[in-house]
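Structural overview for review
The chain contents come next:
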Amino acid sequence: MERRGFIKRVGLGSTFLGLTGGMSFQAMGKDSLNAPTFNMDFAPHFGMFRNHAPGGIIDELKFMADQGFRSLEDNGMLKRSVEEQEQIGNTLDQLGMRMGVFVIEGGDNWKTSLATGKQEFMDTFLKTCRESVEVAKRVNAKWMTVVPGYFDRNLPMGIQTANVIEAMKRGAEIFEPHGLTMVMEPLSDNPDLFLRHADQTFMICQAVESPACKILYDIYHMQRNEGNLIANMEKCWNEIAYIQIGDNPGRKEPGTGEINFENVFKYIHDKGFKGVMGMEHGNAMPGKEGELALIEAYRKVDVKV
């Protein structure tokens, strides 16, 4: 199936999705109508629609575009082969889609690393940043996720914070000339993580003072760690460059947990946010039915304009 970008995107919206629940991607046919483009720039990840696009990641990209999605995010892009990166980048260009985040991961994200100030961790981080510039060029990416690792139980938090700030400054020096942006992500996965709160991340970005160092605000993680989403986003808004989505509990699509995504998305839209909103979560239900339910969930919370 060939894509024609976003021009003349037409379709039957959620009614079409509901009626095609029993149809495979191939069965929809080459000339199937395209669904309306989402108003918010939601970005699925590979594997989210594997049942409707069993031919692999390129077919899945085409399916995403046909369902009205305008972006992709792929945390593991850095680990893909150069050939695969170029293939993804070319396909995104053909589809009129843009690339969301991939993760800057040199092997130290899930252990005590940058907070220590040790040169070995700084060297690995900066090497990975330089590699990430080349990957970003291949897929036309602008944002890359940064996780500073775990906190060091033997150092005062002020010292650790200074160490992380220095690492981010050095990383920003690599990315800024290319117009690229690291987005630091506070996480809720475990209490050993150095970066866990939006205000903490805001402080580091303010200290780095570079357009190449901003906040990735993951709604799922921030609901778990601090809640009060809209008020906390407002306090940090000037440093937020990228947003990710996941309902809580469960980390599935909107409507499966406690978060009022209609209100949160309205706030984000009213702020004039035009960036990517990554769908970093699992599917609540398996199979094709679960994939269609996920799309319908996003139709329900997409901001009406």
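Above: the structure in question.
Reading the values: rules and limits
Residues numbered from 1 in each chain as written. Predicted model: local features only at pLDDT ≥ 70, side-chain atom pairs only at ≥ 80, totals over all residues. Heavy atoms only, no water. Phe/Tyr/Trp six-rings, centres within 6.5 Å; stacked < 30°, edge-to-face > 60°. Helix = DSSP H or I, 4+ residues; strand = E, 2+ residues; numbered from the N terminus. Buried < 20%, exposed > 50% of the residue type's maximum accessible area, 1.4 Å probe, protein only. Core = buried A, V, L, I, M, F, W, Y, C linked by side-chain atoms within 4.5 Å. Contact = heavy atoms within 4.5 Å. Axes fitted to C-alpha atoms, helices over the stretch in contact; angles between N-to-C directions. Parallel < 35°, antiparallel > 145°, perpendicular 65-115°, else oblique. Left-handed = near helix turned anticlockwise from the far one by under 90°. Salt bridge = Lys/Arg side-chain N within 4 Å of Asp/Glu carboxyl O. Pairing = 2+ DSSP bridges.

Describing an aromatic ring pair means giving the distance of the ring centres and the angle of the ring planes. Overall, the coordinates contain 10 aromatic pairs when judged by the stated rule. Relative to F265, the ring of F261 has its centre 5.3 Å away and its plane inclined at 55 degrees; by these criteria the two rings are tilted. With F261 and F265 both in helix α9 (residues 261-270) and four residues apart, this pair spans about one turn of that helix. You'll find F261 and F265 in the same group, each marked buried. Through a chain of ring-to-ring contacts, the aromatic side chains of F38, F42, F49, F63, F69, F261, F265 and Y298 assemble into a single cluster.

Once that is clear, we can look at the nonpolar core. The nonpolar side chains of a soluble globular protein tend to be buried with one another. Core analysis: the biggest nonpolar cluster contains 82 residues, and F42, L61, F125, M168, I219, F265 and I268 have the highest contact counts within it. Per element, the largest residue contribution to this core is nine residues, and it comes from helix α4 (residues 119-139). Ignoring sequence-local partners within four residues, the contact set of M168 consists of L114, F125, V146, M182, M184, I204, V208 and C213. Judged by nonpolar contacts, the second largest core, of eight residues, contains W143, V183, A241 and V276.

It is worth spelling out the packing of helix α2 (residues 57-66) against helix α3 (residues 82-95) at this point. Running from N to C, α2 and α3 cross one another at 20 degrees; their axes reach a closest spacing of 10 Å. By the angle between their axes, α2 is roughly parallel relative to α3. Our pair here, α2 against α3, has a crossing hand that is right-handed. Together, I57, I58, L61, K62 and A65 of α2 and E84, Q87, I88, T91, L92 and L95 of α3 make up the contact between the two elements.

Scanning the entire structure with this criterion turns up 11 salt bridges. With a shortest N-O distance of 3.6 Å, E134 and K137 are connected by a salt bridge. Taken together, the residues span about one helical turn, with E134 and K137 both in helix α4 at a distance of three residues. With relative accessibility at 37%, the residue E134 sits in the partly exposed group. Notably, a salt bridge pairs E234 with K271, separated by 3.2 Å at the nearest N-O pair. Taken as a pair, E234 in helix α8 (residues 229-236) and K271 in the loop between α9 and β9 (277-278) lie far apart in primary sequence, 37 residues in all. A relative accessible area of 34% places K271 in the partly exposed class. Residues participating in the shared-partner salt-bridge network are D74, R80 and E84.

Moving on to the pairing of strand β8 (residues 240-244). Within β8, five of the five residues are buried, which leaves it mostly tucked inside the rest of the structure. One ladder, built from four bridges, connects strand β7 (residues 213-218) with β8; its direction is parallel. Paired with L216 across the bridge in β8 is Y242. The sheet contact formed by β8 and β9 spans two bridges and is parallel.

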